Amino acid sequence: MTGGPVAVRRAAGPVGLLLVAAAAAWVWVVTRWGGMQATPGTMGLGLPAFLAVWTLMMAAMMLPATASVAALYARTIIVRRTPRMAVFTVAYLLVWATAGLPAYALSAGLGQAAGLPATVGTAVAAAVFAVSGVYQLTPFKDRCLTKCRSPVGLMLRYASYPGRSRDLRAGAHHGAFCLGCCWSLMTLLAVFGVMNLWAMVVLAAVISAEKLAPAGRLVARAVGIASIALAVAVFWVPALAPGLTGGDMSGM
């Protein structure tokens, strides 16, 4: 890996473009979907359209938290840095686009649950909260988070990748660790409504804190404990998952 101020400045350009792409995705999401009512379901979209919207949402939420890893990876590239970083970013997002398939199935299932009696919807919400919370406390979550927080070992691995597929493989590999780190948080997004902008903002902040803040591991565990608490509390406060329980959030 190269070092020094010159390398840092050369890496800043591609990473800046990555942040611009994230900002553009946020602008698109807010202007296109900001006025719609957020409820569990697929927003009436077919699978191809859902995957396109999902990928843009993941670009908005995940790319800012990935900027530090992207900057480190960019410093390992000597020539054609910008186009190669574009390949790295596209490969990273393709992993999250693929995750849109189970996200679509989950959203469709939650949309069906929303039409069932409130007791069923409450049980479904509690189950999703519990699964998300328990996963946040598992060693596998901690391992994936460690790779995202301390990626120097990954950089050494990526440097050993031969040929032109290096950037594609590196982006997909890092995307897989990010997916392993954050999929449980995305299940919460499905409960609150995939296009719930407030939920997107809060979860994006949580993801960035987990990966970048000094106390990121404590944040992950706190979110896990809070999610398990929600799994219990939703039976007494249905407004915690109004789309599934029919609860009214106007007083919250």
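Residues numbered from 1 in each chain as written. Predicted model: local features only at pLDDT ≥ 70, side-chain atom pairs only at ≥ 80, totals over all residues. Heavy atoms only, no water.

**Some remarks on a nonpolar patch on the surface**
Taken together, the side chains of Val134, Leu137, Ile225 and Ile228 make up a nonpolar region of the molecular surface, amounting to roughly 340 Å² of accessible area. Take Ile225: it is sitting in helix α9 (residues 216-233). (Patch = residues over 30% accessible without salt bridge, like charges linked within 9 Å, V, L, I, M, F, W, Y side chains within 5 Å. Areas by Shrake-Rupley, 256 points an atom, 1.4 Å probe, with all protein chains shown as cover. Salt bridge = Lys/Arg side-chain N within 4 Å of Asp/Glu carboxyl O. Helix = DSSP H or I, 4+ residues; strand = E, 2+ residues; numbered from the N terminus.)

**Overview of helix α4 (residues 118-136)**
When the terminal C-alpha atoms of α4 are compared, their 27 Å separation across 19 residues agrees well with the 27 Å that a helix rising 1.5 Å per residue should span. Residues of α4 that are buried: Gly121, Thr122, Ala125, Ala126, Val128, Phe129, Ser132, Gly133, Tyr135 and Gln136. Of the surrounding secondary structure, the elements contacted by the buried residues of α4 are α3 (81-113), α5 (139-149), α7 (166-192), α8 (197-212), α9 and α10 (242-245). (Expected span 1.5 Å × (residues − 1). Buried < 20%, exposed > 50% of the residue type's maximum accessible area, 1.4 Å probe, protein only. Contact = heavy atoms within 4.5 Å.)

**Overview of α8**
With 16 residues, α8 extends 22 Å between its outermost C-alpha atoms, agreeing within 8% with the 22 Å of an ideal straight helix rising 1.5 Å per residue. All of the buried residues in α8 are Leu197, Ala199, Met200, Leu203, Ala204, Val206, Ile207, Glu210 and Lys211. In this structure Asn196 caps α8, since a side-chain oxygen of it lies 3.1 Å from the backbone nitrogen of Trp198. (Polar contact = N/O pair within 3.5 Å; in protein donor to acceptor, adjacent residues only side chain to side chain.)

**Considerations on unusual backbone geometry**
Phi at Met43 is positive, roughly 60 degrees, even though this residue is not glycine. Structurally, Met43 can be placed in the loop between α1 (5-33) and α2 (47-74). Positioned with a positive phi, Arg80 is a non-glycine residue whose angle comes to about 50 degrees. What makes Arg80 exposed here is its relative accessible area of 58%.

**Topic: the packing of aromatic side chains**
Scanning all chains against the criterion turns up eight aromatic pairs. For the ring pair Tyr73 and Tyr158, a centre distance of 6.0 Å and an interplane angle of 75 degrees mean the geometry is edge-to-face. Of this pair, Tyr73 sits in helix α2 while Tyr158 sits in helix α6 (residues 152-159), placing them 85 residues apart in sequence. An identical accessibility class is assigned to Tyr73 and Tyr158; each is buried. Between Tyr158 and Tyr161, the ring centres sit 5.6 Å apart and the planes meet at 40 degrees, which makes this aromatic pair tilted. By way of ring pairs, the aromatic residues Tyr73, Phe88, Tyr158 and Tyr161 are connected into one cluster. Over the aromatic face of Tyr161 sits the side chain of Arg169, whose NZ or CZ is 3.9 Å from the ring centroid. (Phe/Tyr/Trp six-rings, centres within 6.5 Å; stacked < 30°, edge-to-face > 60°. Lys NZ or Arg CZ within 6 Å of the ring centre and 35° of its normal.)

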